[in-house]
Amino acid sequence: MSEKKAVIGVVTISDRASKGIYEDISGKAIIDYLKDVIITPFEVEYRVIPDERDLIEKTLIELADEKGCSLILTTGGTGPAPRDVTPEATEAVCEKMLPGFGELMRQVSLKQVPTAILSRQTAGIRGSCLIVNLPGKPQSIKVCLDAVMPAIPYCIDLIGGAYIDTDPNKVKAFRPKK
């Protein structure tokens, strides 16, 4: 178990929020969720950026390589619209993709809304950092995080990131019995 304090990147990808046209409620919803379920110490590196693939890639690289994030959660840019390029940027910076994250998030989201099939969320690994693309709506963020959070701490263990644990009364993290 690593003794380093976890650093978690939260990146909102939105042209309008990055210009201040509206408040970023999605990124704040992720941060609130993390504060609610994670019981080990962590700090957040928070960014709000436009839907620009080069900037998304640079931001993910900066957070993983320079800021030492063990986990980066993105919100926005995962739909079919022309400017939705978050999955492509994520794939470009990752060494390994973990498609099961997107599959599970779409599965649980389809129980809420039929348009969840249009979502292209994915996840991947860059070094010792797990990057997970989340949808843009705060209600959907919670549904998706509740589904995938049980696997996140163990995945981070396997890739050499900082130790993260959750409140088992809220989200029970899976770790194999020793």
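Cut-off values and rules
Residues numbered from 1 in each chain as written. Predicted model: local features only at pLDDT ≥ 70, side-chain atom pairs only at ≥ 80, totals over all residues. Heavy atoms only, no water. Helix = DSSP H or I, 4+ residues; strand = E, 2+ residues; numbered from the N terminus. Buried < 20%, exposed > 50% of the residue type's maximum accessible area, 1.4 Å probe, protein only. Contact = heavy atoms within 4.5 Å. Axes fitted to C-alpha atoms, helices over the stretch in contact; angles between N-to-C directions. Parallel < 35°, antiparallel > 145°, perpendicular 65-115°, else oblique. Left-handed = near helix turned anticlockwise from the far one by under 90°. Disulfide = S-S within 2.5 Å. Patch = residues over 30% accessible without salt bridge, like charges linked within 9 Å, V, L, I, M, F, W, Y side chains within 5 Å. Areas by Shrake-Rupley, 256 points an atom, 1.4 Å probe, with all protein chains shown as cover. Salt bridge = Lys/Arg side-chain N within 4 Å of Asp/Glu carboxyl O. Pairing = 2+ DSSP bridges. Expected span 1.5 Å × (residues − 1). Arc of directions from axis to C-beta.

Caption draft 1: Looking closely at the side chain of Thr-78. Structurally, the position occupied by Thr-78 is in the loop between β3 (71-75) and α4 (86-93). The class of Thr-78 is buried, set by a relative accessible area of 6%. Ignoring anything within four residues of it in the chain, the contact list for Thr-78 reads Asp-84, Thr-86, Pro-87, Leu-118, Ser-119, Arg-120, Gln-121, Asn-133, Leu-134 and Pro-135.

Caption draft 2: Main features of the packing of helix α5 (residues 99-110) against helix α6 (residues 138-148). Relative orientation of the contacting elements α5 and α6 amounts to 130°, with a least axis distance of 9 Å. In this view, α5 runs oblique relative to α6, as classed from their interaxial angle. Read as a crossing pair, α5 and α6 show a hand that is right-handed. On α6, the residues that touch Phe-101, Leu-104, Met-105, Val-108 and Ser-109 of α5 are Val-143, Cys-144, Ala-147 and Val-148.

Caption draft 3: Representation of the state of the cysteines. Evaluation of the coordinates by the stated rule reveals zero disulfides. Here Cys-129 stays unpaired: no disulfide links it, and the sulfur of Cys-69, its closest cysteine neighbor, is 5.8 Å away.

Caption draft 4: Focus on a nonpolar patch on the surface. Together, Leu-110, Ile-117 and Leu-118 give the surface a local cluster of nonpolar side chains, amounting to about 280 Å² of exposed area. Turning to its location among the elements, Ile-117 is positioned in the loop between α5 and β5 (123-126). Classification of Ile-117 as exposed rests on a relative accessible area of 58%.

Caption draft 5: Broad picture of the sheet that holds strand β6 (residues 129-134). Here six strands make up an open sheet; going across it, the order is β2-β1-β3-β6-β5-β4 and the pairing mixed. Edge positions in the sheet fall to β2 (42-49) and β4 (96-97), since each has one partner strand and no second. With five bridges joining them, β3 and β6 adopt parallel strand pairing. If you follow Thr-74 over to β6, its bridge partner there is Asn-133. With respect to the sheet, helix α3 (residues 53-66) is in contact with β1 (6-13), β2, β3, β5 and β6, its orientation differing from that of β2 by roughly 165°.

Caption draft 6: α5, seen in detail. In a regular helix each residue adds 1.5 Å, so 12 residues correspond to 16 Å; α5 covers 17 Å between its end C-alpha atoms and thus fits that length. Three or more residues of α5 are buried, namely Phe-101, Gly-102, Met-105, Arg-106, Val-108 and Ser-109. On the buried face of α5, the contacting elements are β5, β6, α6 and α7 (152-159).

Caption draft 7: Looking closely at α4. Where α4 is concerned, the buried positions are Thr-86, Pro-87, Ala-89, Thr-90 and Val-93. One face of α4 carries all of its buried residues, which in axial projection span an arc of 160°. Here the buried face of α4 lies against β1, α3, β3, β4, β5 and β6.

Caption draft 8: Spotlight on the side chain of Thr-59. Within the secondary structure layout, Thr-59 lies in helix α3. Taking relative accessible area as the criterion, Thr-59 reaches 5% and is therefore assigned buried.

Caption draft 9: Up close: the pattern of salt bridges. Applying the stated rule across the entire model yields 12 salt bridges. Taking the shortest distance from any N to any O, the salt bridge between Glu-52 and Arg-83 comes out at 2.8 Å. Of this pair, Glu-52 sits in the loop between β2 and α3 while Arg-83 sits in the loop between β3 and α4, and the two are 31 residues apart along the sequence. On the basis of relative accessible area, Arg-83 is assigned to the partly exposed category, the value being 38%. Residue Arg-120 pairs with Glu-88 through a salt bridge whose shortest N-O separation is 2.6 Å. Here the residue Arg-120 occupies a position in the loop between α5 and β5, and Glu-88 occupies one in helix α4, the gap between them amounting to 32 residues. You can call Arg-120 partly exposed: its relative accessible area is 27%. Under the relative-accessibility criterion, Glu-88 is labelled partly exposed at 29%.

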